[in-house]
Amino acid sequence: MILPMKKLTLLVLDSQKKAALKTLRNFGAVHIEKEAASSDTLTELQNTYTRLQQAEALITESQPKKAEKAKTEPLTLNRNDLLQAVDEILDLKDQESNTRAAINKLTGDIEAYNAWGDFEPADIRSFEENGIYLTMGELPEKSYTALPETIKTVRLAGGKKTVRFAIVSETADVPADLPSDFSPLILPDMRLSAMHTERERLQKQLPSFKAKIGARTELLAPLKAEAKKLAKEIEFETVRAGMEVIPLEEDTAAAGSSVTVNASDVGNTASAVSGSAATAAVGAGNAANGTTGAAGKEPRRLARLSGYILAEKQADFAGLAKANGWAFIADDPAEEDAVPTAMRHNRFVQLLTPLTDFLGTVPGYREPDISLWFLLFFGIFFAMIFGDAGYGGILVILSLIGIVKAKAKEQPAPLAMQMFLYLGVLTVIWGTATCNWFGISVEYIPAWMKNLSIPAISNVTEESIRNANLMQFCFTLGLIQLTIGHIISIVRNIRSPQILGHIGSIAMLCGMYVVVLSLVVSAERYQINQPVLIAVGGGFALNFIFSNYQTGIGQSIVDSLKNIITMFLGVVNVFADIMSYIRLWAVGLAGSAISATVNQMAGPALGSFLIFFGVLLLFFGHGLNYIMNVLSVIVHGVRLNTLEFSNHVGLTWAGFKYEPFAE
């Protein structure tokens, strides 16, 4: 269930907010609304955290392969020593980057000067000492031959289209009458052969930087531990720097008079915190500081913090506030408040936690908790998509191994292993009911296993009959789940005429269920008769009139008319949502076909000298199919709960987790 929350507004003396936050963090039950915050301390902490993360990533990327790793003992370093080591790592990375940049530049220079040959730039510059200036460059053959006689040149080299030459002059100025297509040569710092030598030297040096970084694996543990500490410090400083500061007016009539809150400065807090409560808090603060707030002294200030606390923790917080002289107000959240979601489940429903954590799905505070239905139907979807008792048995065995290992270490069984055990058991049950064991043909399955199956959906039954029954089962499953979604909404709105809109939706679901069966399963068995049309039409009418009910029927009809296209499309969506459940049969059928195909491919090899390759093909084929089934569950099994079912419940998964400010 979703636990009720209280919105909390807390006032403390600005001078005591750091101590108050430490006390609040030790209490560990307040989810703080983090405000935009900035401070020199916060910037420094964030920069340090970034450097630690960069160093850890560099060492992880650069460390040698497992076979080459040397055993190193983790170090115990204080923050200063660790940051010094981080600087060394980052400096090595900078050296590596600079070396790569130098190699790239040399490579570009070699390509640019290669056509000019291996000349010494210093020799060209030495002519200037004798008053001779050489300007080297390129021109097309046609432009070179058209140069005026006033320009003295020495032809150095050239091909069929380009001429490389040097202009000889008595000044450093380039002749003004050169053609526009002239490309001057900027003299390099070294000759071509020296460039090759330097590039080779740098290329040999390059691997040493990565090796030096990768050799510092003993820093990984201290870096992770220090980053964890810094993350908590950043969180603390973000809250501290983001607290709103409220100036106070002092009663200057006499020294030692009490301090009162200026309501216009408090803003939103003024309506929640009484003047007497604020005065009591400040008085307690003065007593702690040994000051009185006398006239002529610097005005005092309050710091305000907002957040949320579990309603069941409100009394404990009140005692904490009283002991520390804080002013606070706790009230029910307003409709517009973004309230975090705290959930509590029994041991069975708790099995869903690993999946929702992986998906990052959290219902909104005011939305229904469908965890129980999610878990039940997800287990059924998982079993139908895997569809193989053998695959389920593997999952059961692996889960039990994980649970036993945890118990052997006197640790609680991981929730993920418990969830997999639940899913594995359901898969074994479904695979047994359909007589599907590793895709083995039914003629090779023992009779007692066949007898355990349910004839209507068993592989022993004729394929056309079995498939029709399985499709009908999928559609029936969809009708049940979507109807449950509207029943949940009816219970939540039991005192509102909106329940008539949900009853209309259930009627449409029932009518469309028959339509789907008629179109997909059998038009003779499931006819679209008058009762079906009445269910769809009457259901639509009820939904149209009452689904948007807030203040009256007229208002509800007007709102529906504003969204008339969406309302009509809703009928199509009901049809599509029921049809969507056929994916359970289709994906399960595809997985079974792949299993059978793998067996057929490996069968001939198992009875010959190629048995090793046959066994290898079985492991590879079934392993790949297993992975594909996992992906199918994520795509299809999760979708039916988080999209189709959730839409009919009215659940948008717009919530965020309750994460209290805690150690």
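Note: the structure precedes this text.
Definitions and limits used
- The residue numbering used here restarts from 1 in each chain and proceeds along that chain's sequence as written.
- Thresholds applied to this predicted model are a pLDDT of at least 70 for local features of residues and 80 or more for the giving and counting of side-chain atom pairs; totals over whole chains, interfaces and linings are not thresholded and use all residues.
- As a rule here, side-chain values cover all heavy atoms of the structure and leave hydrogens and water aside.
- Geometry is summarised by axes, namely lines fitted to C-alpha atoms with helices restricted to the contacting stretch, and by angles between N-to-C directions that run from 0 to 180 degrees.
- Labels follow the DSSP assignment, with helices taken as runs of H or I lasting at least four residues and strands as runs of E lasting at least two, numbered in each case from the N terminus.
- The scheme is simple: roughly parallel for angles under 35 degrees, roughly antiparallel for over 145, roughly perpendicular for 65 to 115, oblique for anything else.
- Here a crossing is called left-handed whenever its near helix is offset anticlockwise from the far helix by less than a right angle, and right-handed whenever the offset is clockwise.
- Working rule for contacts: check all heavy atoms of both residues, and any pair within 4.5 Å makes them a contact.
- For this classification, Asp, Glu, Lys and Arg are treated as charged, while Ala, Val, Leu, Ile, Met, Phe, Trp, Tyr, Cys and Pro are nonpolar and the rest, including Gly, are polar.
- Between buried and exposed lies partly exposed: a residue is buried under 20% and exposed over 50% of the maximum accessible area for its type, with that area taken using a 1.4 Å probe on protein chains only.
- Note that patches include only residues with greater than 30% relative accessible area and no salt bridge, and the join distances are 9 Å for like charges and 5 Å for nonpolar side chains (Val, Leu, Ile, Met, Phe, Trp, Tyr).
- Surface accessibility follows the Shrake-Rupley procedure with a 1.4 Å probe radius. Residue values consider only the protein chains on display as shielding.
- Between Lys or Arg on one side and Asp or Glu on the other, a salt bridge is scored when a side-chain nitrogen of the former is within 4 Å of a carboxyl oxygen of the latter.
- One less than the number of residues in a helix, times 1.5 Å, gives the span that helix is expected to have.
- The rule is simple: put a 1 Å grid over the protein atoms alone, call a set of points where a 1.4 Å probe fits but cannot get out a cavity, call an open set with protein on both sides within 12 Å along at least five of seven lines a pocket, and count a residue as lining if it has an atom within 4 Å of a point.
- Grid points are joined across faces, edges and corners, and a volume is the space filled by probe spheres set on the points.

**Student:** Report on the packing of helix α13 (residues 389-408) against helix α14 (residues 415-433), specifying residues and quantitative values.
**Tutor:** Any two packed helices are characterised by how steeply their axes cross, that is the angle between the axes, and by the distance between the axes. It is at 7 Å that the axes of α13 and α14 come closest, and there the two elements cross at 155 degrees. It follows from the interaxial angle that α13 and α14 lie roughly antiparallel. Judged by the twist between their axes, the crossing of α13 over α14 is left-handed. Contact residues: Ala 389, Gly 392, Gly 393, Leu 395, Val 396, Leu 398, Ser 399, Leu 400, Gly 402 and Ile 403 in α13; Met 417, Gln 418, Phe 420, Leu 421, Leu 423, Gly 424, Val 425, Thr 427, Val 428, Gly 431 and Thr 432 in α14. Class assignment for the residues of the contact of α13 with α14 results in 12 nonpolar, nine polar and no charged.

**Student:** Break down the environment of Ser 143 for me, citing the residues and quoting the values.
**Tutor:** Looking at the secondary structure, you find Ser 143 in helix α5 (residues 141-145). By relative accessible area, Ser 143 is classed as buried at 17%. For the pair Ser 143 and Ile 564, spaced 421 residues apart in the sequence, the C-alpha separation amounts to 76 Å. Excluding its chain neighbours within four sequence positions, the residues that come into contact with Ser 143 are Pro 179 and Asp 181.

**Student:** Quick one: what's the story with a nonpolar patch on the surface, residue by residue and with numbers?
**Tutor:** A cluster of nonpolar side chains, namely Leu 606, Leu 610, Ile 611, Phe 612, Phe 613, Val 615, Leu 616 and Phe 619, defines an oily patch on the protein surface of about 780 Å² accessible area. For the nonpolar patch, the element with the highest residue contribution is helix α22 (residues 611-649), accounting for six residues. Relative to the helices and strands, Phe 613 resides in helix α22.

**Student:** Residue-level account of helix α17 (residues 498-520), with values.
**Tutor:** Because an α-helix packs 3.6 residues into every turn, residues spaced three or four apart end up facing the same way. Here α17 spans 33 Å end to end across 23 residues, near enough to the 33 Å set by a 1.5 Å rise per residue. Burial of α17 is extensive: 17 of the 23 residues sit out of reach of the surface.

**Student:** Explain the layout of surface pockets to me, and be specific about the residues and the numbers.
**Tutor:** As a volume, the largest pocket reaches approximately 800 Å³. Contributing to the lining of the largest pocket are 29 residues, with His 486, His 502, Ser 505, Asn 543 and Asn 647 lying nearest its centre. Considering every element that reaches the lining of the largest pocket, the biggest residue donor is helix α20 (residues 564-579), with seven residues. Taken together, the residues of the lining of the largest pocket break down into seven nonpolar, 18 polar and four charged. The computed volume of the second largest pocket comes to approximately 550 Å³. Here the element with the most residues in the lining of the second largest pocket is helix α21 (residues 582-606); it accounts for nine residues.

**Student:** Break down the environment of Arg 25 for me, with residues and values.
**Tutor:** Along the chain, Arg 25 turns up in helix α1 (residues 17-27). Overall, the relative accessible area of 14% leaves Arg 25 in the buried class. The residues contacting Arg 25, other than those within four sequence positions of it, are Lys 232, Phe 236, Phe 661, Ala 662 and Glu 663.

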